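# Understanding the architecture of this molecule
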Amino acid sequence: MHIKIYFSLYIYTHVALSHLSHQKLHTMAKTSLPLAASFLLLISFSSAVDTSHLFLTVVNNCPFTVWPAIQPNAGHPVLEKGGFALPKYTHRSFNAPTTHWSGRIWARTGCAHYNGKFSCITGDCGNRLECNGLGGAPPASLAQFDLHHGGHHDFSSYGVSLVDGYNVPMTVTPHEGHGVCPVVGCREDLIKTCPAHLQVRSHSGHVVACKSGCEAFHTDELCCRGHYNSPNTCKASSHSLFFKHACPSSFTFAHDSPSLMHDCSSPRELKVIFCH
């Protein structure tokens, strides 16, 4: 059963979210929930999030709409048709597959329909609202997942990557897992500090994203291609160090430390938060 809940006068913040009980969170719908402050006004029903199994929640804590995109790795199913709109201060929950699944989630920004065509300023996936398995155009902050592996340990691994650059702050927060289950990601607003040679600007001249060194200069060394495609030859650069100094728990180049991908056993929920 899918529950759509409307609140009045509720302000959605991370602090407020952390004080909600899991029971309340788990009854929230697989939909975008307008949040405002105090009392439940209306409940409508459609299809359900099964909270007895792992589910994923995407939270937009940004003061603007984002369009989350989901791309599975080869051989895995597309979730939620691969993309949807998520208004500011809302969230959407949906069930993860009950068997092994791996893939990535990112935010698209500045999306609009124009002359019958849908496109996004950052993270665009082939001019589609529903990406349906397509990848996104860099630069974009990425949450990476490898769910239900490790046999009886039922590990769900996760990490945040800035290898393809940065467009919004992003964290991944696990709930009710066992073992190594930290909150990881990049909370910093790197749009404000992005070096000039890595900046991506909109038509209006505003900085909207920050490129990786690879995306900016396309060299084998910065892209870790050819001779440089190994842990021994792919090294941090001054460009990746800009991201690393601001966001040390994120991957910042192709062969960054594997320890940045965390194995959490049997989490109930994995929450991707934009503008955390």
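Here's a quick rundown of the structure. The structure displayed is predicted, hence computed values, not measured ones.

### A few points about the state of the cysteines
For the structure shown, the criterion picks out eight disulfides. The disulfide partner of C181 is C264, and the S-S distance across this bridge is 2.1 Å. Measuring handedness by torsion sign, the sulfur bridge of C181 and C264 sits at about 95° and is right-handed. Taken together, the positions of C181 in the loop between β12 (178-179) and β13 (184-186) and C264 in strand β16 (residues 262-265) put the pair 83 residues apart, joining distant regions of the chain. Relative accessible area serves as the criterion here: at 23%, C181 is assigned to the partly exposed category. The disulfide that involves C224 links it to C234, with 1.8 Å between the sulfurs. Residues C224 and C234 share a disulfide whose torsion about the S-S bond is about 60°; that sign makes it right-handed. Of this pair, C224 sits in the loop between α4 (220-223) and α5 (238-246) while C234 sits in the loop between α4 and α5, and the two are 10 residues apart along the sequence. Both residues of the pair, C224 and C234, count as buried.

### Some remarks on the sheet that holds strand β6 (residues 101-108)
Strand pairing in a sheet relies on backbone hydrogen bonds. The paired strands run either parallel or antiparallel. Here six strands make up an open sheet; going across it, the order is β4-β6-β9-β10-β16-β12 and the pairing antiparallel. Of all strands in the sheet, those with a lone pairing partner are β4 (67-72) and β12, marking the two edges. Here β6 runs beside strand β9 (residues 142-149); their pairing, made up of six bridges, is antiparallel. Note that in β9 the partner of S102 across the bridge is D146.

Conventions we followed
Residues numbered from 1 in each chain as written. Predicted model: local features only at pLDDT ≥ 70, side-chain atom pairs only at ≥ 80, totals over all residues. Heavy atoms only, no water. Disulfide = S-S within 2.5 Å. Helix = DSSP H or I, 4+ residues; strand = E, 2+ residues; numbered from the N terminus. Buried < 20%, exposed > 50% of the residue type's maximum accessible area, 1.4 Å probe, protein only. Pairing = 2+ DSSP bridges.

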